[in-house]
Amino acid sequence: MSETTHPFATLGIPPDMIRGLEELGITTPTEVQQKVIPFLLHDGSDLIAKAQTGTGKTAAFGLPLLTKMNPKHRDIQGLVIAPTRELAKQIGKQLFRFTKYTDKIFVEVLCGGDNMDRQIEALRRPTHIVVATPGRLIDLLQQDALTLESVQRVVLDEADEMLSMGFKRELTEILRLTPQRVSTWLFSATFPEAINQLIKGCMSPGARTIQIDQGHVVNRDIDHRYIYCDRTNKSEFIADFLQRQGDARGLIFCRTKAGAVALCRELAALGLPVDVLQGDLMQKERDKVMRAFKKQRVQFLIATDVAARGIDVADLSFVIHHQLPDQLEYYTHRSGRTARAGKKGMSLALIEPKEKWKIPQLESRLGLCSRSITDPNPSR
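Each residue is numbered by its place in its chain's sequence as written, counting from 1. Per-residue local features are limited, in this predicted model, to residues with pLDDT of at least 70; the limit for side-chain atom pairs, both in listing and counting, is 80 or more; totals at the level of whole chains, interfaces and linings are taken over all residues. Where side-chain values are given, they derive from all heavy atoms of the structure, hydrogens and water being excluded.

## Notes on the overall build of the protein chain
Note the following rule: Per the convention used, a helix needs a DSSP run of H or I reaching at least four residues, while a strand needs a run of E reaching at least two, with both numbered from the N terminus. Throughout, radius of gyration means the C-alpha value; the globule benchmark is 2.2 Å times the number of residues raised to the power 0.38. A 1.4 Å probe rolled over the protein chains alone gives each residue an accessible area, and that area as a share of the maximum for its type sets the label: buried under 20%, exposed over 50%, partly exposed in between. By definition, residues are in contact when any of their heavy atoms lie within 4.5 Å. To be clear on the numbers: accessible area is Shrake-Rupley with a 1.4 Å probe, and residue cover counts the displayed protein chains and nothing else. The positive count covers Lys and Arg only, the negative count covers Asp and Glu only, and His and the chain ends enter neither. To locate a charge, take atom NZ for lysine, CZ for arginine, CG for aspartate or CD for glutamate.
A count of helices and strands for the protein chain gives 16 helices and 14 strands. Here the protein chain has a C-alpha radius of gyration of 21 Å; the compact-globule value for 380 residues is 21 Å, and the two agree. Along the first, second and third principal axes, the C-alpha atoms of the protein chain reach 60 × 45 × 40 Å. In the protein chain, buried positions account for 55% of the 380 residues. Taking all contacts inside the protein chain whose residues are at least 6 apart in sequence as the whole, residues at least 24 apart take part in 75%. Just so you have it, the protein chain exposes about 17,300 Å², and 48% of that area is on carbon and sulfur atoms. If you average the places of the 52 positive and of the 45 negative side-chain charges in the protein chain, the two averages end up 1 Å apart.

## Some thoughts on the sheet that holds strand β4 (residues 129-132)
For the record, the criterion: In this analysis, strands are considered paired if DSSP registers two or more bridges between them. A fitted line through C-alpha atoms serves as each axis, taken over the contacting stretch for helices, and the angle formed by two N-to-C directions is quoted from 0 to 180°.
Pairing is parallel in the open sheet, where 7 strands are placed in the order β3-β4-β2-β5-β6-β1-β7. Each edge of the open sheet is held by one strand with a lone partner, namely β3 (107-110) and β7 (208-211). Averaged over all pairs of adjacent strands, the angle between their axes in this sheet comes to 15°, without regard to strand direction. In this structure, strand β2 (residues 78-81) lies alongside β4, joined through 4 bridges in parallel fashion.

## Here we look at the pairing of strand β9 (residues 250-254)
In terms of burial, β9 is largely enclosed, as 5 of its 5 residues are buried. A two-sided burial pattern is seen for β9, the buried positions comprising Gly250, Ile252 and Cys254 on one face and Leu251 and Phe253 on the other. With 5 bridges connecting them, β9 and strand β11 (residues 300-304) associate as parallel partners. Paired with isoleucine 252 across the bridge in β11 is isoleucine 302. Pairing of β9 with strand β12 (residues 318-321), which is carried by 4 bridges, proceeds in the parallel orientation. Across the sheet, leucine 251 pairs through a bridge with valine 319, a residue of β12.

## Describing the packing of helix α7 (residues 134-142) against helix α9 (residues 168-176)
Filter applied, for reference: An angle below 35 degrees is read as roughly parallel, one above 145 as roughly antiparallel, one from 65 to 115 as roughly perpendicular, and any other as oblique. For a crossing to be left-handed, the near helix must be turned anticlockwise from the far one by less than a right angle; the clockwise case is right-handed.
Following both chains from N to C, one finds α7 and α9 inclined at 50°, their axes separated by 10 Å at the closest point. In terms of their interaxial angle, α7 and α9 are classed as oblique. Crossing hand, α7 versus α9: left-handed. Listed contacts from α9 to Pro134, Leu137 and Ile138 of α7 are Glu170, Leu171, Glu173 and Ile174.

## Some remarks on the pattern of salt bridges
A side chain with one charge may pair with a side chain of the opposite charge, provided their charged atoms come close. Applicable threshold: Any carboxyl oxygen of Asp or Glu that lies within 4 Å of a side-chain nitrogen of Lys or Arg is treated as forming a salt bridge with it.
Scanning the entire structure with this criterion turns up 22 salt bridges. With a shortest N-O distance of 3.3 Å, glutamate 352 and arginine 231 are connected by a salt bridge. You can see glutamate 352 sitting in the loop between β13 (345-351) and α16 (358-366) and its partner arginine 231 sitting in the loop between β8 (222-228) and α12 (234-243), a full 121 residues away along the chain. A residue is classified by how much of its surface remains accessible, and glutamate 352, at 8% relative accessible area, is buried. When salt bridges with common partners are traced through the structure, they connect Arg85, Lys89, Asp114 and Asp287 into a single cluster.

## Structural notes on the sheet that holds β8
Strand order in this open sheet of 7 strands is β10-β11-β9-β12-β13-β8-β14, and the pairing throughout is parallel. The sheet terminates laterally at β10 (274-277) and β14 (370-372), the two strands that pair on one side only. Taking each pair of neighbouring strands and ignoring which way they run, the sheet shows an average axis angle of 20°. Sheet topology places β10 next to β11; 4 bridges connect them, and they run parallel. Considered in β11, the bridge of valine 274 is made with phenylalanine 300.

## Quick notes on the environment of arginine 249
Looking at the secondary structure, you find arginine 249 in the loop between α12 and β9. Here the alpha-carbon distance between arginine 249 and arginine 136, two residues 113 residues apart in the chain, equals 33 Å. With near-sequence residues (within four places) excluded, arginine 249 lies in contact with Phe293, Lys294, Gln296, Val298, Gln299, Phe300, Val313, Ala314, Leu316, Ser317 and Phe318.

## Observations concerning the nonpolar core
So the rule is basically this: To qualify as a nonpolar core, a set must consist of buried Ala, Val, Leu, Ile, Met, Phe, Trp, Tyr and Cys residues joined through side-chain atoms within 4.5 Å.
Judged by nonpolar contacts, the single largest core of 37 residues is most densely connected at Ile13, Leu47, Leu63 and Ile129. Of all elements in the fold, only α1 (7-11), α2 (15-23), α3 (31-42), β1 (47-50), α4 (57-67), α5 (85-98), β4 and β6 (183-188) reach the threshold of two or more residues within this core. Apart from the residues within four sequence positions on either side, leucine 47 is in contact with Val36, Phe39, Leu40, Thr184, Trp185, Leu186, Phe187, Met203, Arg208 and Ile210.

Have a look at this one:
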């Protein structure tokens, strides 16, 4: 494929960056990339994008952001704000990989749980892009460890999550401290009133709005299934399912911290290799759990929605919904943890009889095609 006919070249991505994408196995742009990249490269003004996790939005904003950096200047020119430590680190890693064959662009990730003195030391080096969580960024700004005076472009990734986590005041303050900002690129899966207020306060009335068609949001490599299951039988069902999985790995989502901890205790008592990720864990404990899961010392991970934000673990075969999430959009966030990089996966929801009405709602609003099952492991 010649450089001029490469799908990313037609969007305006330079050849040296395309080389890095190909090495990552990224050869065909997703819908969000097709719609967002040309606008950000050629116009680059304020953008409001409605896009879910798993749609390729990191590359959609990351590639244009990188192309607009001037490697010869030491100052921070780009800022990406993300709701969680895991997501911030994931974004930073992707930006680094995209620039393997380009002029050196330095990216620093600033988030809670990491040593602040080391972050301050790192910021003394040339830094072109900062990826940060709101709380840690405010802490470092208060210590005069960095300045945002030269920042021209700000990305707010998963803005709805940041607001739901109570970061409205921090976001407003951070944006106030970017006097040279020429554009704000906001990505959000949902648009509650708080998001609309934030948009009015920090973006121009003529901001471009791009919405990704729900039919393309859902990963077609995911086999969506459900089974009717009384609440009292769920633990037994899940235990039986996990015992049949061989080497396959997966995530189990619970709606509450207490429910996640209780399920982990029940499954561990049966000798299953499980651990739990929930909001009460200290950062050191959370890191320990994630290391064990990524290194496959733990085969199955139980998590709450908030605790699982930003998790990116390769080769997960399935996701189980112990309960459906309160917000339907979270179903897509959860399911998107499996069937990555062109692989197949299954999303299995345990539906209590009184929740039957939610199945057609999921199918119509998210464009799903799901199947009921009676065998806990129909594919084996």
